[in-house]
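For reference, the chains in residue letters:
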Amino acid sequence: MHPRNRYSANPPNFEALAAAHPPLARLLKKLPGGKGSTLDFQDPNALRELTRALLLVDFQLHVTIPEDRLCPAVPNRLDYLLWIQDIVDYTRPDRSAPWVGVDVGTGSIPIYPLLGCRLSPSVSFYGTDIDTTSLHHARANVAFNNLADRIQLVHTDAAGPIFPPTLFELQPTLDFAICNPPFYSSASDISRSAEGKELGPHAACTASPHEMITPGGEVSFAKRMINESLRLRCSVRWYSTLLGKLSSVD
């Protein structure tokens, strides 16, 4: 983990979180020998309440998470943002100037813009998504946290560019682009990936199909980003994306 990630040396304390966020308390499971409590990570409701508790207690963010959309893990989302923050700060000429980025596929929370605004008072975000339902929830979460002046959400077309012209009509240049893309190319690709793992998934997945599947999988999505960057060039100073499968970097 990034050395500034608050969870690198201090994993979440479930009991302390539950004391501050009562909906989590009823989902705790006592460990043998009175050695604290844990959660059932295969229980989607436990994951949602854990995410809500972490965002509330550690970042003073109040969110609702729909049952049929991705529930993001806070520690690794924070990690991505911290690395991006380091890169942008190190390379921009004036570190005191405001900086602005785009989160591609921002989702229903949307966690990267919300966390980013808590990390730095000088950052603002655009969040794009192809799903109107996710954007409906995202707008509600942004408004509830009084961040509508710093986070603007943009609907995009799945058949269109990842970085649409409408984005640059709103903001001609961006300091960075971040993305957690759909990892898989099809439902059968998801099945093959699960069958190829020695151990089962650590946590339940509540993501909708469009959050998990894209034509050609994550490699194809990343290639589209690269190809668009060749056209857009310095309209975005730093292009980045996560990859979920080790085979994608072979």
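Our structure's up above, just so we're on the same page.
Reference entry: report on the structure contained in this document. As the structure is a computational prediction, the values presented were derived from the model and not from experiment.

Note: α-helices contain 3.6 residues per turn, so residues at a spacing of three or four share the same orientation. Between its terminal C-alpha atoms helix α10 (residues 217-232) stretches 23 Å, which fits the 22 Å expected from 16 residues at 1.5 Å a residue. Inspection of α10 places G217, E218, F221, A222, M225, E228, S229 and L232 among the buried residues, and these make up the whole buried set. Projection of α10 onto a plane perpendicular to its axis shows the buried side chains occupying an angular sector of 165°, all on one side. Exposed and oriented more than 90 degrees from the buried face of α10 are K223, N227, L230 and R231. For α10, the elements touching its buried residues are β3 (99-104), α7 (165-170), β6 (174-179) and β7 (236-239). Residue R233 follows α10 closely and has a positive phi angle near 50°.

This part covers unusual backbone geometry. The step from I109 to P110 runs through a cis peptide bond, and the omega angle for that step is -25°. By the element assignment, P110 lies in the loop between β3 and α5 (111-119).

With the rule as written, the count across this model stands at six aromatic pairs. Between F125 and F176 the ring centres are 5.5 Å apart and the planes differ by 80°, which places this aromatic pair in the edge-to-face class. Here F125, found in strand β4 (residues 123-129), pairs with F176, found in strand β6; they are 51 residues apart in sequence, far enough to count as distant. By the burial criterion, F125 is buried, and F176 matches it. Pairwise contacts between aromatic rings join W99, F125 and F176 into one cluster.

This part takes up the environment of A207. For A207, the location among the structural elements is in the loop between α8 (187-195) and α9 (209-212). Classification of A207 by relative accessible area gives buried; the value is 17%. Considering only alpha carbons, one finds A207 and R69, 138 residues apart in sequence, at a separation of 4.6 Å. Apart from residues lying up to four places away in sequence, A207 is in contact with D68, R69, L70 and M212.

This paragraph deals with the packing of helix α3 (residues 44-59) against helix α4 (residues 74-91). The contact between α3 and α4 brings their axes to 10 Å, and the two run at 50°. In terms of orientation, α3 and α4 fall into the oblique class. Across from T51, L54, L55 and F59 in α3, the residues of α4 making contact are V74, P75 and L78. Residues that form the contact of α3 with α4 fall into these classes: six nonpolar, one polar and no charged.

Glancing now at the environment of I109. Secondary-structure assignment places I109 in the loop between β3 and α5. For the pair formed by I109 and V57, sequence separation is 52 residues and the distance between their alpha carbons is 16 Å. Residues contacting I109, with those up to four places away along its chain left out, are T51, L55, V63, I65, P72, L114, A138 and N141.

Our next topic: the packing of α4 against α5. Interhelical geometry of α4 versus α5 gives an angle of 60° and a closest axis separation of 10 Å. As judged from the angle between their axes, α4 and α5 are oblique. In terms of crossing hand, the pair formed by α4 and α5 is right-handed. On α5, the residues touching V74, R77, L78, Y80, L81, L82 and Q85 of α4 are I111, Y112, L115, G116 and L119.

So, how was this worked out
- Residues numbered from 1 in each chain as written.
- Predicted model: local features only at pLDDT ≥ 70, side-chain atom pairs only at ≥ 80, totals over all residues.
- Heavy atoms only, no water.
- Helix = DSSP H or I, 4+ residues; strand = E, 2+ residues; numbered from the N terminus.
- Expected span 1.5 Å × (residues − 1).
- Buried < 20%, exposed > 50% of the residue type's maximum accessible area, 1.4 Å probe, protein only.
- Arc of directions from axis to C-beta.
- Contact = heavy atoms within 4.5 Å.
- Phe/Tyr/Trp six-rings, centres within 6.5 Å; stacked < 30°, edge-to-face > 60°.
- Axes fitted to C-alpha atoms, helices over the stretch in contact; angles between N-to-C directions.
- Parallel < 35°, antiparallel > 145°, perpendicular 65-115°, else oblique.
- Nonpolar A, V, L, I, M, F, W, Y, C, P; charged D, E, K, R; others polar.
- Left-handed = near helix turned anticlockwise from the far one by under 90°.

Purely geometric numbers; function is a separate question.
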